[in-house]
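The primary structure of each chain is shown beneath.
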Amino acid sequence: MQPGQTVTVFGAYGHTGRFVVAELRKRGFVPVLSGRDAGKLRALAAATPGAPEVRPASVDDPASLDRALDGADAVINCAGPFALTAAPVIEAALRAGIPYVDVAAEIEANLDTFTHFADRARAAGAVIVPAMAFYGGLGDLLATAAMGDWTIADEADIAYGLSGWHPTPGTRVAGTVSRERRAGRRVRYTDGRLRYHDDETTLLKWPFPAPMGTREVVGEFTMADVVTVPSHISIPEVRTHMTTEAAGDLSAPDTPAPTAADENGRSDQTFLVDVVVRRGDTERRAVARGRDIYAVTAPLAVEAVHRILTGRTRTLGVASAGRIFDAPDFLRALSPHITLDPLPRQTAS
């Protein structure tokens, strides 16, 4: 990485965007603050050491996006709902000839990115990494690391052991958009494809590693991993599950937004992500533990940009984290932010 490389953060004043701006500064990047609300951008700049440059932009004004990305080395899109923002910002990144990374957890928005931009990005030699976040990115890295030398598997389960989930306003808006796109239906990845259904939710017992132990989870609480994992791993069944406490927090209309509990702005939420891939009678497991799903998204996204700009990638075009990066090495680089169990762990089932 060259000293002082510039990264535009679209949606910089949002909850996750602020963590990303702070992480960029810590890593030696120069953030450019962008988004629709000029007042919020100026307020953030005034509160940020170094008074970063402010470039207001709107997804319905391509010229403003071009100005926001002018001279930047990369762009990180933190502005949801990504069903509305991803395509316009990707288009601007392609015009500018710079890498694009986003933190989208929206299943349909991520699928749109793979569907609509794969050929163009590959032809242009561009790099586009969607879902480079806690949901979609971390699970994909863990599943890829757990696979080890396997090239195919029969199924993958990704269980989220969250102590609770205080959603941001952005999370709530994105959820509303996704539900509208699905007409209220639920979604699963089975038989090698996404399928929409009206089945009732099921509760399961998931054997999380110690000290969490067995906990009740909402089965098939489907997250972005059902797009990222099968985008590059030959696997017909991908399921994600969520502890019932966190699922209940998310569904309750009066659950407050997260509040800072330390000097870095992190909440007191903790998480354990337990990934199990199976082939025949053998399973392999990868486990990550940490604190604050929004805060940990920042080092995921910034590490991705760092690796792209230093040429530590395995492919071009639209690619998930596990496809484009060396998954075990990437996960080890996150050691200040997450704790990993040994990778991979193999057991006969």
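Use the structure listed above.
These remarks concern the structure in this document. (Residues numbered from 1 in each chain as written. Predicted model: local features only at pLDDT ≥ 70, side-chain atom pairs only at ≥ 80, totals over all residues. Heavy atoms only, no water.)

This brings us to the sheet that holds strand β15 (residues 317–318). Taken together, seven strands build an open sheet; the order of strands is β3-β2-β1-β4-β5-β6-β15 and the sheet is parallel. Among the strands making up the open sheet, the edge pair consists of β3 (54–56) and β15. Across five bridges, the pairing between strand β1 (residues 6–10) and strand β2 (residues 30–35) is parallel. Looking at the pairing, V7 lines up with P31 of β2. Helix α10 (residues 297–309) contacts β1, β4 (74–77), β5 (100–102) and β6 (127–129) of the sheet and is inclined by roughly 160 degrees relative to β4. (Pairing = 2+ DSSP bridges. Helix = DSSP H or I, 4+ residues; strand = E, 2+ residues; numbered from the N terminus. Contact = heavy atoms within 4.5 Å. Axes fitted to C-alpha atoms, helices over the stretch in contact; angles between N-to-C directions.)

In terms of nonpolar packing, the biggest core is built from 104 residues, with I76, M132, F134, L162 and W165 touching the most fellow members. At nine residues, the largest contribution of residues to this core is made by helix α6 (residues 134–147). Counting seven residues, the second largest nonpolar core, distinct from the first, contains W206, V217, L272 and V276. (Core = buried A, V, L, I, M, F, W, Y, C linked by side-chain atoms within 4.5 Å. Buried < 20%, exposed > 50% of the residue type's maximum accessible area, 1.4 Å probe, protein only.)

Let's shift gears to the packing of helix α3 (residues 62–69) against helix α4 (residues 82–96). Orientation of α3 relative to α4, taken along the N-to-C sense of each, is 55 degrees, at an axis distance of 9 Å. Classed by the angle they form, the pair α3 and α4 counts as oblique. Note that α3 runs across α4; the crossing there is right-handed. The segment α3 lies against α4, with P62, L65, D66 and L69 engaging P88, V89, A92, A93, R95 and A96. Among the residues forming the contact of α3 with α4, the class breakdown is eight nonpolar, no polar and two charged. (Parallel < 35°, antiparallel > 145°, perpendicular 65-115°, else oblique. Left-handed = near helix turned anticlockwise from the far one by under 90°. Nonpolar A, V, L, I, M, F, W, Y, C, P; charged D, E, K, R; others polar.)

Considering all chains together, one arrives at 27 salt bridges under this definition. The salt bridge involving E108 is made with R182; its shortest N-O contact spans 2.7 Å. In this pair, E108 is assigned in helix α5 (residues 107–124) and R182 in the loop between α7 (169–181) and β8 (186–190), connecting sequence segments 74 residues apart. We note that E108, like R182, is buried. A salt bridge links D329 to R307, with the nearest nitrogen and oxygen atoms 2.9 Å apart. One end of the pair, D329, is in helix α12 (residues 327–333); the other, R307, is in helix α10, and 22 residues separate them in sequence. Looking at D329, the relative accessible area reads 25%, which means it is partly exposed. (Salt bridge = Lys/Arg side-chain N within 4 Å of Asp/Glu carboxyl O.)

Next up on the list: the packing of aromatic side chains. Each aromatic ring pair is described using two quantities: the centre-to-centre distance and the angle formed by the ring planes. Taken as a whole and assessed by the stated rule, the structure comprises six aromatic pairs. Residues F134 and F271 carry aromatic rings whose centres are separated by 4.8 Å and whose planes lie at 65 degrees to one another, so their mutual orientation is edge-to-face. With a gap of 137 residues between them, F134 in helix α6 and F271 in strand β13 (residues 270–279) connect regions that are remote in the sequence. An aromatic cluster is defined as three or more aromatic residues linked by ring pairs; in this entry it consists of F134, Y135, Y160, W165 and F271. (Phe/Tyr/Trp six-rings, centres within 6.5 Å; stacked < 30°, edge-to-face > 60°.)

Next up on the list: the side chain of N77. Considering the arrangement of structural elements, one finds N77 in strand β4. Leave out the neighbours within four places in its chain, and N77 touches F10, F82, T85, A86, V89, Y100, V101, D102 and V103.

In this model, the second largest pocket occupies a volume close to 560 Å³. In terms of lining residues, the second largest pocket is bounded by 21 residues, among which R18, F19, A22, E23 and N264 are the most central. Those elements giving two or more residues to the lining of the second largest pocket turn out to be α1 (15–26), α2 (38–47) and α10. Its residues assigned to classes, the lining of the second largest pocket comprises 11 nonpolar, four polar and six charged. (1 Å grid on protein atoms, 1.4 Å probe; cavity = no way out; pocket = protein on both sides within 12 Å on 5 of 7 lines; lining within 4 Å. Points joined across faces, edges and corners; volume = space filled by probe spheres on them.)

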